[in-house]
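Okay, here's what each chain looks like letter by letter:
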Protein chains: 2
Amino acid sequence: MTHWLYLPQLESTGDTAVLEEPEAVHAVRARRLRVGDSVSVFDGVGRTAVARISDVIKRPLEVHLAVGAHQHWAPPAVRIHLTSALPKGDRQVTMLDMATQLGITDFTPVNFERSVSRTRTNSQDRWRRALIESCKQSQRPWLPMMHAPVDLDQWISHPPDGGVVNLIAHKPGESCSDIIKESLLGAKHIRLLVGPEGGLSEDELTRLDHTQAIRVSLGEGVLRVEAAAVALTALAGRLSVAGRTGSQPVAGSV
Amino acid sequence: MTHWLYLPQLESTGDTAVLEEPEAVHAVRARRLRVGDSVSVFDGVGRTAVARISDVIKRPLEVHLAVGAHQHWAPPAVRIHLTSALPKGDRQVTMLDMATQLGITDFTPVNFERSVSRTRTNSQDRWRRALIESCKQSQRPWLPMMHAPVDLDQWISHPPDGGVVNLIAHKPGESCSDIIKESLLGAKHIRLLVGPEGGLSEDELTRLDHTQAIRVSLGEGVLRVEAAAVALTALAGRLSVAGRTGSQPVAGSV
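Only a predicted model underlies this, so the values are computations on that prediction, with no experimental measurement involved. (Residues numbered from 1 in each chain as written. Chains lettered and ligands numbered in written order. Predicted model: local features only at pLDDT ≥ 70, side-chain atom pairs only at ≥ 80, totals over all residues. Heavy atoms only, no water.)

1. Structural notes on the nonpolar core
Ranked by size, the top nonpolar core spans 110 residues in total, and within it Leu82(A), Leu167(A), Leu218(A), Leu82(B), Leu167(B) and Leu218(B) carry the most contacts. Residue contacts for Leu82(B): discarding those within four places in its chain leaves Met95(B), Ala99(B), Ile104(B), Asp106(B), Phe107(B), Thr108(B), Leu192(B), Val194(B) and Ala229(B). (Core = buried A, V, L, I, M, F, W, Y, C linked by side-chain atoms within 4.5 Å. Buried < 20%, exposed > 50% of the residue type's maximum accessible area, 1.4 Å probe, protein only. Contact = heavy atoms within 4.5 Å.)

Below you can see the structure in the form of structure tokens.
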């Protein structure tokens, strides 16, 4: 399995490139890659290439690559958009990491009445790094898009475009996979809503009643935000995939 | 939501009890519980009770409880047995935590050709603490059972008792939820097999061919052990639950 490295400027790259700093550090210090090693590079928007490390300069650290032909990958057929309360501390990164491995295409933090964590400005960088690392791990050519936090009312009033299906993690919800699967038939965009650990308030539940969201039970236990988010992502991903084909390159080399 | 505390000796407890040390520390230092606070206690084998903190002695720390009537809960109708390679470091606890929240009843580490982590004797204590914390978090009265590590051949030769269904996380696998759901109909015991991040070897796949295990695809990405384990647990839990009722107390107060 070749290592994946993030090279956002891949589109304008010719047959040589220099890695950005966090990737260079990761490649040399964590992965211990050396001159001559083969890697894959990706730009997070569907472009990948095979590359070879052509030079490593120590101070300041620079990793040079010889880059092969580019490949283009179609975006995922279904947008799986995780919209959730924020768990505390490190569990934010755990959630984003696993949800990215399992195929989310978008992430939006949602503020609820009982939210315990709010977005900090410095969180965004950590989350972005987590998304990049998870794409590398799972070899996904499309980086999930990170959106600004919204309040629940903004979530509810989100202009309905055709084919958006909303699934809400909620304990007294639908546990029948057939009903969930049917609702996902033909969906192009699935939004997964996960509330805070204190639960949704009565008022929030009432407001959500006016949307056509499907409440999905994830079992008998009381779940932390990240466990609910990962379980709902896995379920939506698997139940929406029936009959669809996998991601294929849309064009050959360029 | 009342806090849950682990009290393994609940069966023999009368109307007063003293918490074991890790629970006492957790209750007082982390949860900041005080005399007069209400809690729930559970013994991990289906017994719970409401209790009230009657006394807190500082040095050495002792937390005394006044314990109410006991309730008995039936064991889960389906055993969901996670049998997996070990992820590295902290990701072991992340996996056990989330899988417990999502309802595993058993955990067995499995050694594969390409396993990177092996069980250490001191791991068992950390895992046990993680399972207890997750049961408290998710308010599950049954603590998952932790079994000794096995090699894949032992896993394969596991005597088949009626109603065991084996699901293997494997990328070129079944992505049709109907086939998986049908296989789980009536299952009393589901074993989930998750291999190491280097994948199953050809030889291991051949040996597994002789079992009646169903290969389940969890999507296009390359998954870390803990992400695959959590996704497969969520899927098995939801797809096996159709038509079954939730857990209810089997008897009233004793």
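2. Some thoughts on the relation of the copies chain B and chain A
For the pair chain B and chain A, the superposition axis carries a translation of 0.0 Å, the fit reaches an RMSD of 0.0 Å, and the rotation angle comes to 180 degrees. Interpreted geometrically, this transformation is the action of a two-fold axis. When the interface residues of chain B are mapped onto chain A, 100% of them again lie at the interface, so the same face is used by both copies. (Least-squares fit on C-alpha atoms with pLDDT ≥ 70 in both.)

3. Observations concerning the interface of chain B and chain A
Each partner contributes residues to the interface: chain B has 32 residues there, and chain A has 32 residues. Of all residues in chain B, Met98(B), Val222(B) and Arg238(B) give up the largest surface area on contact with chain A, accounting jointly for 21% of the area buried on that side. At the junction of chain B with chain A, the criterion picks out zero salt bridges. Remark: the boundary between chain B and chain A carries eight residue pairs in polar contact (both at pLDDT 80 or more). Mapped onto the side of chain B that touches chain A, the elements with two or more residues apiece are α2 (91–101), α3 (123–138), α5 (177–184) and α7 (225–240) of chain B. Counting residues per element, the side of chain B that touches chain A draws most heavily on α7(B), which supplies eight residues. In terms of residue class, the side of chain B that touches chain A is made up of 13 nonpolar, 12 polar and seven charged. (Buried area = accessible area lost by both parts, 1.4 Å probe. Salt bridge = Lys/Arg side-chain N within 4 Å of Asp/Glu carboxyl O. Polar contact = N/O pair within 3.5 Å; in protein donor to acceptor, adjacent residues only side chain to side chain. Helix = DSSP H or I, 4+ residues; strand = E, 2+ residues; numbered from the N terminus. Nonpolar A, V, L, I, M, F, W, Y, C, P; charged D, E, K, R; others polar.)

4. Considerations on α7(B)
When the terminal C-alpha atoms of α7(B) are compared, their 22 Å separation across 16 residues agrees well with the 22 Å that a helix rising 1.5 Å per residue should span. For α7(B), a buried count of 16 out of 16 residues is recorded, marking the element as mostly surrounded by other parts of the structure. (Expected span 1.5 Å × (residues − 1).)

5. Notes on the domain arrangement of chain A
All names here are of chain A. The domain boundaries assigned to chain A delineate domain 1 (3–73) and domain 2 (79–240). Listed as interface residues are 12 residues of domain 1 and, on the opposing side, 11 residues of domain 2. Of all residues in domain 1, the largest losses of buried area upon contact with domain 2 belong to Trp-4, Tyr-6 and Phe-42, amounting jointly to 49% of the total for that side. Counting across the domain 1 and domain 2 interface gives two salt bridges. The salt bridge involving Lys-136 is made with Glu-23; its shortest N-O contact spans 3.0 Å. Put simply, domain 1 and domain 2 have six residue pairs in polar contact (both at pLDDT 80 or more) between them. Class assignment of the residues belonging to the side of domain 1 that touches domain 2 gives a composition of seven nonpolar, four polar and one charged. (Domains from an automatic or database assignment.)

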